[in-house]
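Each chain, written out:
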Amino acid sequence: MTKAKTIETVNRFLFLNAYAFLLLALGAGGIGFVCWCPWCWAVRAVVLAASLVCLRGALTILKSWSEKKRKYAVLMQRNSPTLRPDTFGDFMQAPCGRLLARIVQHDLGCPERYAELRRLRKPLGARLRECGRPQRTVIYVNPDFKRK
């Protein structure tokens, strides 16, 4: 009997949230540094601010677990007959998305095709330019839609 492929295991939770745990450790370490280091107040303020940013990022990543489960199901559904690299484009732009893409490829039985997906990753400069600009939103209205 084969085990059903699911994302809801402890190992996968730890793997997909590895960056959150890294940020959590950095934030906690920074706060510990501020508490036990008798340096000037300006250095302590900068370290405290950076620590709070890290902790906020970690909590944001950890809170997105239900969204990751939903995206996993969508990717598995879109790629179940054959692997379609175009469906992974948005996921390859963020570290957590790349981890999710690896898990989906592993569950589909083709982890060797990850190199093909790595080409979808945009350079850092292009990603930074995109995040500072407003994104264009296209809304499609289906003329044949009828409410029941």
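In what follows, the structure referred to is the one given above.
Residues numbered from 1 in each chain as written. Predicted model: local features only at pLDDT ≥ 70, side-chain atom pairs only at ≥ 80, totals over all residues. Heavy atoms only, no water.

> When you look at the nonpolar core in this model, what are you seeing that I'm missing?
Side chains that are nonpolar tend, in soluble globular proteins, to be buried together. By size, the foremost hydrophobic cluster in this structure holds 18 residues, and its most contacted members are Leu16, Tyr72, Phe88 and Leu100. Among the secondary structure elements, those contributing two or more residues to this core are α4 (65-79), α5 (95-108) and α6 (114-118). Here this core takes five residues from α5, the largest share from any one element. Leaving out residues up to four positions away in the same chain, leucine 100 has contacts with Ile7, Leu16, Lys68, Lys71, Tyr72, Leu75 and Phe91. (Core = buried A, V, L, I, M, F, W, Y, C linked by side-chain atoms within 4.5 Å. Buried < 20%, exposed > 50% of the residue type's maximum accessible area, 1.4 Å probe, protein only. Helix = DSSP H or I, 4+ residues; strand = E, 2+ residues; numbered from the N terminus. Contact = heavy atoms within 4.5 Å.)

> Would you take a moment to explain the packing of helix α2 (residues 18-36) against helix α3 (residues 41-63) for this structure?
Two measures define how a pair of helices packs: the angle their axes make with one another and the distance between the axes. The geometry of α2 relative to α3 is characterised by a closest axis approach of 8 Å and an angle of 155° between their N-to-C directions. Overall, the two elements α2 and α3 adopt an arrangement that is roughly antiparallel. The two elements α2 and α3 cross, and the hand of that crossing is left-handed. Where α2 abuts α3, its residues Tyr19, Ala20, Phe21, Leu23, Leu24, Leu26, Gly27, Ala28, Gly30, Ile31, Phe33 and Val34 lie against Arg44, Val47, Leu48, Ser51, Cys54, Leu55, Gly57, Ala58, Ile61 and Leu62. Partitioned by chemical class, the residues of the contact of α2 with α3 number 17 nonpolar, four polar and one charged. (Axes fitted to C-alpha atoms, helices over the stretch in contact; angles between N-to-C directions. Parallel < 35°, antiparallel > 145°, perpendicular 65-115°, else oblique. Left-handed = near helix turned anticlockwise from the far one by under 90°. Nonpolar A, V, L, I, M, F, W, Y, C, P; charged D, E, K, R; others polar.)

> Is there a simple way to think about the packing of α3 against α4 in this case?
It is at 5 Å that the axes of α3 and α4 come closest, and there the two elements cross at 45°. Taken together, the axes of α3 and α4 lie oblique to each other. Seen from α3, the contacting residues are Ile61, Leu62 and Lys63; seen from α4, they are Trp65, Ser66 and Lys68.

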